[in-house]
Amino acid sequence: MKKFKVLVVEDEATIQELLQFNLERVNYKVKVTDSGEEAIKQASKSNPDLILLDIMLPGTDGLEVCKTLKASSKTKNIPIIMLTALCEEADIVAGLELGADDYVTKPFSPRVLLARVKAALRRPNAATSENSEELITIHNIIIDLTRHRVTIDGNEIILTHTEFKVLKLMTTQPGRVFTRYQIVDAVHGEDYPVTDRSVDVQIVGLRKKMGEAGNYIETIRGIGYRFKEEDVI
Ligand code: CA
């Protein structure tokens, strides 16, 4: 089996150790650095499968690192999970909009962290998943991307074009948190401008039409929305 390489960028020694210990325990190859500059160098040199990135770093901070890595063709596809304090909502939103895949708030349980790492490693990245699929099947929902049809338990539900696009975006990368801006961005270019608040309205409409399956759309308070992943055995 492939041994995943994880780059840990964290300046607090105790958290570094905690991360390294738990990642190595599940057989990942771990590299640790406490500096943003070093992280950028390491990422392009050793091409890790995933980066755990603390946001509050001395010098080049995590957001800056994220921005740099996502701007480079060599490193932009490496999934990044940010490590943040719960109170850093604005940073979380900024990081997601810069292309980070996910975030975990400190203090975290190793079990939760590992689950998020595994999910990020498993998730197809946006660049490769965009054109390949014609059908998204998740939970009891089937989304036919060519015919723009959605069925839940075999029953068709009728969505507006915008609702369809929102659902498609979220189900293409289940488990990933999308900020309102990212959702607006993805459905933009339609016949009317979509604003932050109208994203909320779209979600309300979508949930209603989806009935119980609407609960798969989770609200992440202060951050955005996420489509619940299927349980992995
Ligand atoms: Ca820190």
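See the structure printed just above.
Quick notes on the rules
- Residues numbered from 1 in each chain as written.
- Predicted model: local features only at pLDDT ≥ 70, side-chain atom pairs only at ≥ 80, totals over all residues.
- Heavy atoms only, no water.
- Phe/Tyr/Trp six-rings, centres within 6.5 Å; stacked < 30°, edge-to-face > 60°.
- Helix = DSSP H or I, 4+ residues; strand = E, 2+ residues; numbered from the N terminus.
- Buried < 20%, exposed > 50% of the residue type's maximum accessible area, 1.4 Å probe, protein only.

Novice: Can you tell me about the packing of aromatic side chains, naming the residues and giving the values?
Specialist: The tally for this structure, following the rule as stated, stands at 2 aromatic pairs. Ring plane angle 80° and centroid distance 5.9 Å describe the contact between Phe4 and Tyr28, whose orientation is recorded as edge-to-face. Within this pair, whereas Phe4 is found in the segment before β1 (5–9), its partner Tyr28 is found in the loop between α1 (13–25) and β2 (29–33), the two being separated by 24 residues in sequence. Residue Phe4 is classed as partly exposed on the basis of its relative accessible area of 23%. Considering the side-chain rings of Tyr216 and Phe227, the 6.1 Å spacing of their centres and the 45° angle between planes classify their relative orientation as tilted. In this pair, Tyr216 is assigned in the loop between α9 (196–210) and β11 (217–220) and Phe227 in strand β12 (residues 224–227), connecting sequence segments 11 residues apart. The exposure class of Tyr216 is partly exposed, given its relative accessible area of 22%. Looking at Phe227, the relative accessible area reads 0%, which means it is buried.

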